[in-house]
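For reference, the chains in residue letters:
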Amino acid sequence: MPAPPQRLAAAVTSAPESTDPAELTRFVRQLAKDHQVPGAVVTIVGGGRVVDVHGIGVTDRRTGSPVLPETCFHLGSISKVFTATAVMRLAEEGRVDLHTDVNQYLRAFTLASRGRPITLHDLLTHSAGLEQRGVATATTGPQGWQPLGRHLRDHPPEAMFPPGRRISYSSVGIAVAGQVVADVTGMPFDRYLETAVFAPLGMTASTFPTPQRGVPSNCAVGYSGDRAWREPYFSLVGPGGDALSTGADMGRFMLSQLGGPNPVLSRKSVTAMQAQQFSHHPDLRGRGYGWSRWYEQGQTAVFHNGQAPGFLSRMVLVPGHRLGIFLAASDGGSAAADFLRDASAGLLAAYFPQGRNQRLPDGPPVTDVEEHTGYYRDPTLPADSFTRIVTLLTATRVTADGDDLRIDGERYRSTPRNGLPVYEGPGEDDRVLLDDGWLLLGSASLQRMPWWESPPVQLGIVGVIAAGSLAALVGALAGALRRRRPVTVRRWLAAGLGAANLGFLIGFPVVAGAALSDPSAILYGIPTPIAVLLGLPVVSAALTVAAAAIGIHAARQSGEGRGRLSGYTLFVLLNVAYLGWLASWHLLGWQH
């Protein structure tokens, strides 16, 4: 999910003392040890050759087999760069035009848009306005597997806003580009990549796996903490994140992107991939074709990160110096993320020790700072999925600080550019543009939440519902314990409603927060603990209907305590409102 601006390389805490390969190896090995990464591989290319490629740690904690340059890793979203390469090859051959409606090439399904037709340029720069889908987009074997075209036909991507306006990261959008490759060439996407991209570059160990072909035996086992991801992983949107490769092969690919021999693309096409093709503002970094742009240590870089179950990866190129760095770790947790961050930061600092990015000058705000305050969320989550509730947990808060802003607590200076409200943060390239209810970052867009959907308001609503449910539950139990009068059906219904409501309101944030802390947890479908909890709102709905029916019947009977009936009626109405709240967040049932 998009988040506040994150640095490609955080503040450098340590760096190799030189660019001697032995020193670089020692530095990365020590970082891997410090962060307790099970296995990793690092490849560095420079000056038209491989400077260093070596494995670190083990491929499997059970066997203790060492990681080698030929050990394969799941690359996750780095796959998008390969997909872009395939599209650019077809463009060179005149078989596709990057600015033509993709529906002219698609045969498997028709891609909908909320504005003008979507093009390959839009898809490759993540500016097509498509959703970012996460639930049930992978399988562990033939069961549930669908070829890419069939999956996109059965689950067409939802257009969230018009194309060509904002960057909205979308793996399924890149998958659509991959389907264009398949439909234009008449070959399955994975086969075309192997024959037209990987083979010519000598990347013989690289592939996009399928259940029919399996996963190569030389792949590392991925981990998330103590959990080992031993089951195979096959993405249903493979072009967006399912490639396998090795440190040795990634060295060959980086060289082809840095002026080395490239039988796949011309230098012009490579330059176009790495150039800024879309940005929210000239002073903000943006997107190339498949690549994300960045400015670090005074250098212009392109990079891509990747994540797959139990794996994290990063590839960084500094084209002006023909430098490339690839890192992959067989761990999908925060420790591995810190390893990739610290390793890339240190290596870049070793090559460019004096580099500093130019800071923008301060200036008075061109708009009222208060206009931009509020909570902002990821707009690309499917509108009809329960995962939308995650925006309450990940919302970005923007507050005023004099003429400046604070984004999740970090101060951003007012640095207006060309009459537009640009703000610069503490990092070397943390810049944002505020525009008409949007927080526009270098590589993502966040949309301001309506006040009634903001976390404080929603927390208040949950608090009222929880308090009413607790009162009903305690009241029913207290009456049963006192036994001064028979416990009526209404009391038992109220107690059941209170228990079901509290069980969900307390259990869902705890269980879902733990399950969704690893994005890989939902790739195969709704995790069982979440599925069980999503059944509680259905129970609440059934009990509310029953409680309302009995309440109406009781209201027609003589001798009912009017005050007691009023309290009961109020609780039933509260539950009707609760069901409406659940429906608004797609939590009533198993919607994904």
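Residues numbered from 1 in each chain as written. Predicted model: local features only at pLDDT ≥ 70, side-chain atom pairs only at ≥ 80, totals over all residues. Heavy atoms only, no water.

A. Representation of the sheet that holds strand 15 (residues 404-407) in the model. Pairing is antiparallel around the closed barrel formed by 8 strands, whose spatial order is 13-14-15-16-17-18-19-20. Here the average twist between neighbouring strands, direction ignored, is 30 degrees. Bridge analysis of strand 16 (residues 410-414) against strand 17 (residues 422-424) gives 2 bridges, and the strand direction is antiparallel. Within strand 17, the residue paired with Ser414 across the bridge is Tyr423. (Pairing = 2+ DSSP bridges. Helix = DSSP H or I, 4+ residues; strand = E, 2+ residues; numbered from the N terminus. Axes fitted to C-alpha atoms, helices over the stretch in contact; angles between N-to-C directions.)

B. Broad picture of the state of the cysteines. Overall, the coordinates contain 1 disulfide when judged by the stated rule. Across the disulfide from Cys72 sits Cys219; the S-S distance is 1.6 Å. Placement of Cys72 in strand 3 (residues 72-76) and of Cys219 in the loop between helix 6 (189-198) and strand 5 (222-224) is noted, with a sequence separation of 147 residues between them. Cys219 carries the same exposure label as Cys72, and that label is buried. (Disulfide = S-S within 2.5 Å. Buried < 20%, exposed > 50% of the residue type's maximum accessible area, 1.4 Å probe, protein only.)

C. Spatial organisation of the nonpolar core. Counting 69 residues, the largest nonpolar core has Phe82, Leu120, Leu123, Leu193, Met315 and Phe326 as the members making the most contacts within it. Counting residues in hydrophobic clusters, the runner-up holds 28 residues, among them Leu24, Phe27, Ala40 and Ile325. (Core = buried A, V, L, I, M, F, W, Y, C linked by side-chain atoms within 4.5 Å.)

D. Geometry of the pairing of strand 16. In this structure, strand 15 lies alongside strand 16, joined through 3 bridges in antiparallel fashion. Each residue of the ladder has a partner; that of Leu405, found in strand 16, is Tyr412. The antiparallel hairpin formed by strand 15 and strand 16 contains 2 residues in its connecting segment, where Asp408 sits at a positive phi of about 50 degrees.

E. Quick peek at the pattern of salt bridges. For the coordinates displayed, the defined rule picks out 22 salt bridges. Glu131 is paired through a salt bridge with Arg133; the nearest N and O atoms lie 2.9 Å apart. The exposure classification of Glu131 matches that of Arg133, with both residues buried. A salt bridge links Asp154 to Arg153; the nearest nitrogen and oxygen atoms lie 3.1 Å apart. (Salt bridge = Lys/Arg side-chain N within 4 Å of Asp/Glu carboxyl O.)

F. Inspection of empty space enclosed by the protein at higher detail. Within this structure, the stated rule accounts for 2 cavities of 30 Å³ or more. When its volume is computed, the largest cavity comes out at roughly 40 Å³. Asp122, Leu123, His126, Ser127, Ala128, Gly129, Leu130, Ser168, Ser170 and Gly173 together form the lining of the largest cavity. For the lining of the largest cavity, the per-class residue count stands at 3 nonpolar, 6 polar and 1 charged. (1 Å grid on protein atoms, 1.4 Å probe; cavity = no way out; pocket = protein on both sides within 12 Å on 5 of 7 lines; lining within 4 Å. Points joined across faces, edges and corners; volume = space filled by probe spheres on them. Nonpolar A, V, L, I, M, F, W, Y, C, P; charged D, E, K, R; others polar.)

G. A look at the packing of aromatic side chains. As enumerated under the stated definition, the model contains 12 aromatic pairs in all. Seen in terms of ring centroids, Phe189 and Phe208 are 5.1 Å apart; in terms of plane orientation they differ by 80 degrees. Their pairing is edge-to-face. Placement of Phe189 in helix 6 and of Phe208 in the loop between helix 6 and strand 5 is noted, with a sequence separation of 19 residues between them. Classification of Phe189 by relative accessible area gives buried; the value is 7%. A relative accessible area of 3% means that Phe208 is categorised as buried. Put simply, the rings of Phe82, Phe189, Phe198, Phe208 and Phe253 touch in pairs and so form one group of aromatic residues. If you follow Arg61 out to its NZ or CZ, it ends over the ring of Tyr223, 4.4 Å from the centre. Over the face of the ring belonging to Trp229 we find Arg227, whose NZ or CZ atom lies 3.6 Å from the ring centre. (Phe/Tyr/Trp six-rings, centres within 6.5 Å; stacked < 30°, edge-to-face > 60°. Lys NZ or Arg CZ within 6 Å of the ring centre and 35° of its normal.)

H. Spotlight on helix 6. Along helix 6, 8 of the 10 residues are buried, which leaves the element largely enclosed by surrounding structure. Taken as a whole, helix 6 has its buried residues at Phe189, Asp190, Tyr192, Leu193, Glu194, Ala196, Val197 and Phe198. In the core, the buried residues of helix 6 are packed alongside helix 2 (79-92) and helix 5 (171-185). (Contact = heavy atoms within 4.5 Å.)

I. Geometry of the side chain of Thr387. Turning to its location among the elements, Thr387 is positioned in the loop between strand 13 (374-377) and helix 10 (390-394). A polar contact of 2.8 Å, which involves the side chain of Thr387, links it to the side chain of Ser385. Each residue touching Thr387, except ones within four places of it in the same chain, is listed here: Val135, Leu381 and Pro382. (Polar contact = N/O pair within 3.5 Å; in protein donor to acceptor, adjacent residues only side chain to side chain.)

J. The packing of helix 2 against helix 7 (residues 247-257), seen in detail. The N-to-C vectors of helix 2 and helix 7 enclose an angle of 50 degrees; their axes lie 13 Å apart at closest approach. For the element pair helix 2 / helix 7, the angle class is oblique. Regarding helix 2 and helix 7, the two cross each other, and that crossing is left-handed. Together, Val81, Phe82 and Thr85 of helix 2 and Met250, Phe253 and Gln257 of helix 7 make up the contact between the two elements. Class assignment for the residues of the contact of helix 2 with helix 7 results in 4 nonpolar, 2 polar and no charged. (Parallel < 35°, antiparallel > 145°, perpendicular 65-115°, else oblique. Left-handed = near helix turned anticlockwise from the far one by under 90°.)

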